[in-house]
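# Chains, contacts and geometry: an overview
So you can see what is in the structure, the chains are spelled out below.
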Amino acid sequence: MKNLILYIILFCSTSIFAQNEQLAQYYYDKGDFEKALVSYQELSDGLPTNPFYFQRKIDCMQQLLQFAPAEKAIQERLDRYKQATLLVELGYNFQLQKNDSKAKKYYDDAIDKIRKNPNEVYGVANVFEKKVLLEYALKSYLLASELVPTFDFKYQTALLYGQLGNTDQMIANFLDEAVENPQSALMIQNQLTRYMSTDGDSKFNDSLRKALIIRVQKSQDVFWNQFLSWFYMQQKEFGKAFIQEKAIYKRNPESLTSIISLGQMAIEEGDNEVATGVMDYVLLNTTDVEMIVQAQTYLLKMKMEKAQEKDFAAIDAQFELLLKQYGIAPVTLSLQLKQAHFVSFIMKNPTEGKAIIKRAAEMQLNQFDQAQCKMELADILLSEEKFNQALLYYSQIEENLQNNVLSHEASLKSAKTSYFKTDFEWALKQFKELKSASTQLIANDALEYFLLINDNTVADSTQTALKQFAKGDYLLYQNRNQEAIVQFQSILKSFKGQEIEGVTLLRLGRLYEKLGDYNLALAQYQDIIDHHSDGIYIDEALYFSADIYNKQLQQPDKAKALFEKIIFSHQDSIYFVDARRKFRELRGDTNL
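What counts, and at which threshold
- Residues numbered from 1 in each chain as written.
- Predicted model: local features only at pLDDT ≥ 70, side-chain atom pairs only at ≥ 80, totals over all residues.
- Heavy atoms only, no water.
- Helix = DSSP H or I, 4+ residues; strand = E, 2+ residues; numbered from the N terminus.
- Contact = heavy atoms within 4.5 Å.
- Expected span 1.5 Å × (residues − 1).
- Buried < 20%, exposed > 50% of the residue type's maximum accessible area, 1.4 Å probe, protein only.
- Axes fitted to C-alpha atoms, helices over the stretch in contact; angles between N-to-C directions.
- Parallel < 35°, antiparallel > 145°, perpendicular 65-115°, else oblique.
- Left-handed = near helix turned anticlockwise from the far one by under 90°.
- Nonpolar A, V, L, I, M, F, W, Y, C, P; charged D, E, K, R; others polar.
- Core = buried A, V, L, I, M, F, W, Y, C linked by side-chain atoms within 4.5 Å.
- Phe/Tyr/Trp six-rings, centres within 6.5 Å; stacked < 30°, edge-to-face > 60°.
- Lys NZ or Arg CZ within 6 Å of the ring centre and 35° of its normal.

## Observations concerning the environment of Y106
Among the structural elements, Y106 can be located in helix α6 (residues 100–116). Sequence separation of Y106 and L452 is 346 residues, and the distance between their C-alpha atoms is 60 Å. Apart from the residues lying within four places of it in its own chain, the contact partners of Y106 are Q75, L87, L90, G91 and F94.

## Some words on helix α30 (residues 538–552)
Here α30 is 15 residues long and its end C-alpha atoms lie 21 Å apart, about the 21 Å a rise of 1.5 Å per residue gives. Of all 15 residues making up α30, 12 are buried, and the element is well covered by its neighbours. Within the span of α30, buried status applies to I538, D539, E540, A541, L542, Y543, F544, S545, A546, D547, I548 and Y549. One or two positions beyond α30, positive phi appears at Q554, with a value near 55 degrees.

## Quick look at unusual backbone geometry
For K236, which is not glycine, the phi dihedral falls at a positive 60 degrees. Its location among the elements puts K236 in the loop between α13 (222–234) and α14 (238–251). The backbone phi angle of N403 is positive, close to 60 degrees, even though this residue is not glycine. By the secondary structure assignment, N403 is in the loop between α22 (387–400) and α23 (405–420). Taking relative accessible area as the criterion, N403 reaches 73% and is therefore assigned exposed.

## Looking at the packing of helix α12 (residues 203–218) against α13
Across the interface, α12 lies against α13 with an axial gap of 9 Å and an inter-helix angle of 155 degrees. Accordingly, the angle class assigned to the pair α12 and α13 is roughly antiparallel. Between α12 and α13 lies a crossing of left-handed hand. Touching N205, L208, R209, L212, I213, R215 and V216 of α12 are W224, N225, F227, L228, F231 and Y232, all from α13. Looking at the contact of α12 with α13, its residues break down into 9 nonpolar, 2 polar and 2 charged.

## Observations regarding the nonpolar core
Membership of the largest hydrophobic core comes to 94 residues, with the highest contact counts inside it found for F342, Y419, F431, L452, F469 and I500. Discounting residues that sit within four places of it in the chain, F431 has contacts with L412, A415, K416, Y419, A446, Y449, F450 and I453. Membership of the second largest hydrophobic core comes to 91 residues, among which are Y40, Y155, A241 and A295.

## Digging into helix α21 (residues 367–383)
In an α-helix, one full turn covers 3.6 residues, which means residues spaced three or four apart are oriented alike. Taking 1.5 Å of rise per residue, 17 residues should cover 24 Å, and α21 covers 24 Å from first to last C-alpha, within 8% of that figure. Judged by how many residues are buried, α21 sits mostly within the fold: 12 of 17 residues are covered. Contacts from the buried residues of α21 go to α19 (333–346), α20 (350–361), α22, α23 and α26 (464–477). Note on α21: the residue one or two positions beyond its end, E385, has a positive phi of about 70 degrees.

## Side note on the packing of helix α2 (residues 33–46) against helix α3 (residues 51–63)
The N-to-C vectors of α2 and α3 enclose an angle of 150 degrees; their axes lie 9 Å apart at closest approach. The angle between the axes of α2 and α3 places the two elements in the roughly antiparallel class. As α2 runs across α3, the sense of the crossing is left-handed. Along its contact with α2, which presents F33, A36, L37, Y40, Q41, L43 and S44, the element α3 presents F52, Y53, F54, R56, K57, C60, M61 and Q63. When grouped by side-chain class, the residues that make up the contact of α2 with α3 number 10 nonpolar, 3 polar and 2 charged.

## A word on the packing of aromatic side chains
Considering all chains together, one arrives at 39 aromatic pairs under this definition. Aromatic side chains Y122 and F151 sit 5.8 Å apart centroid to centroid with 65 degrees between the ring planes, which places their arrangement in the edge-to-face category. Of this pair, Y122 sits in helix α7 (residues 121–130) while F151 is found in the loop between α8 (134–147) and α9 (154–163), placing the two residues 29 residues apart along the sequence. Aromatic side chains F227 and W230 sit 5.5 Å apart centroid to centroid with 85 degrees between the ring planes, which places their arrangement in the edge-to-face category. With F227 and W230 both in helix α13, this residue pair falls 3 residues apart, about one helical turn. Accessibility classification places F227 together with W230 in one group, the buried group. Feature note: the residues F345, F387, Y419, F420, F424, F431, Y449, Y474 and Y477 constitute an aromatic cluster, connected by ring pairs. Lying over the aromatic face of Y106, K105 brings its terminal NZ or CZ to 4.6 Å of the ring centre.

Written out as structure tokens, the structure reads:
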């Protein structure tokens, strides 16, 4: 019985203590420091050895300008526990009172503690960083490393050098850390990417590129080739990355996986020239059937995107030849599905496409491969206006492969199916959820359709124009391009000056580009630039126009002017980084 009573008392005490902690946190977060101070004082009195409660108590005092009581509390704790970190706290209390000389004295005293006992660096440097006393934190790490050479603070000092603006030393420290501890390379690359993407000029990128090239030249370690390849891929300079990947493979010809990945990335970014070179290189250097099929699939994918009617028979014959050579087997599934897509959407023979998928589905496939078959079948059914059947297969994929990229893709296609059906209310709910998807391409696509439906529903509650637009998008999906052009042109005539006009011009521009009519594409984009400059499609109109002038019409001066407009007027655009890189290339910058 006594034990039960004791247990109840302890339970109640713990429960009350937890409630007090939550209450203190609530007041602190709310900015009610007087009440927070009372709560943290009680908590600190109850657990005097707890540094968090003590620190919060001091924070509250300082917020309330109670510097003398704060100094007294810190000094009493310092006398009791002799912690070097409390010297930093004392110094900071004086700094808040603008007494810099006293603050410096205590900061120097904390540094002296490290000199006497280098292990103090962990606590002292950490508190300096929390107080944003970055130079003192750096001094702490450097002193400890000097005293104990086995201490390794390259990562911490790299971060501090970066925050202090010494990016060259940051790069040197990060690279030293990466090669000494390769398991940290990815984390370091993530840190470097932050500077690469936010830096307004090319100085940082130039410094990093030079540092990597020097290490490649001085060392025989392929680690630096891999790092330099990574850098070039971030810059979307796939040709230069390919040179590094070939150098890596020559010295370590074990796997072509990274080269295949490079080719895939080049395809996604529209650099088909490099991608073709990559896949040809793979075919020359492997006898692995899976790798050969993968490379051939990518090559055929690029041919399909550029194919005209006169090319159809040759492409189809190439599919048949490869499948005859390597067999109807799970290893050639990617080829079989690509062939099904080709005959269904490009040769306009969905019956044959479904037969190819049915044959593929009869093989012994794992769950992921089965889902790929269902996805392609659903896509074909959707093109045949069999919406409910398509939705059924998409939902099966979502159910069977939860939290998988393919599952998210099925969710997006399911939402688009609802959109094509003009079930806008349900589609909007789906797109709203998907715009926060972990896969950036899916999130971007979902956001585009979410804004399209939302904006045009606000502008026109009857959704008349939106229904006509969805019909045009569906014709595009079916690869009925000429009919889609007629549909979008009809929208421009019927809803001139309305919300739908801007996105319709953009769709027409992209469609004319696809068909190779670049002057007509430019005319649509120019209409957006002239009459919809305050809309959400202006940055796309500028970027796509610049790209046509740059790649197709060979008019670099016009392209440069348009890229420059994005750089100075649309920094929040998803095309900003690409526009800046291409502008520099056209300007003739050598340090790319």
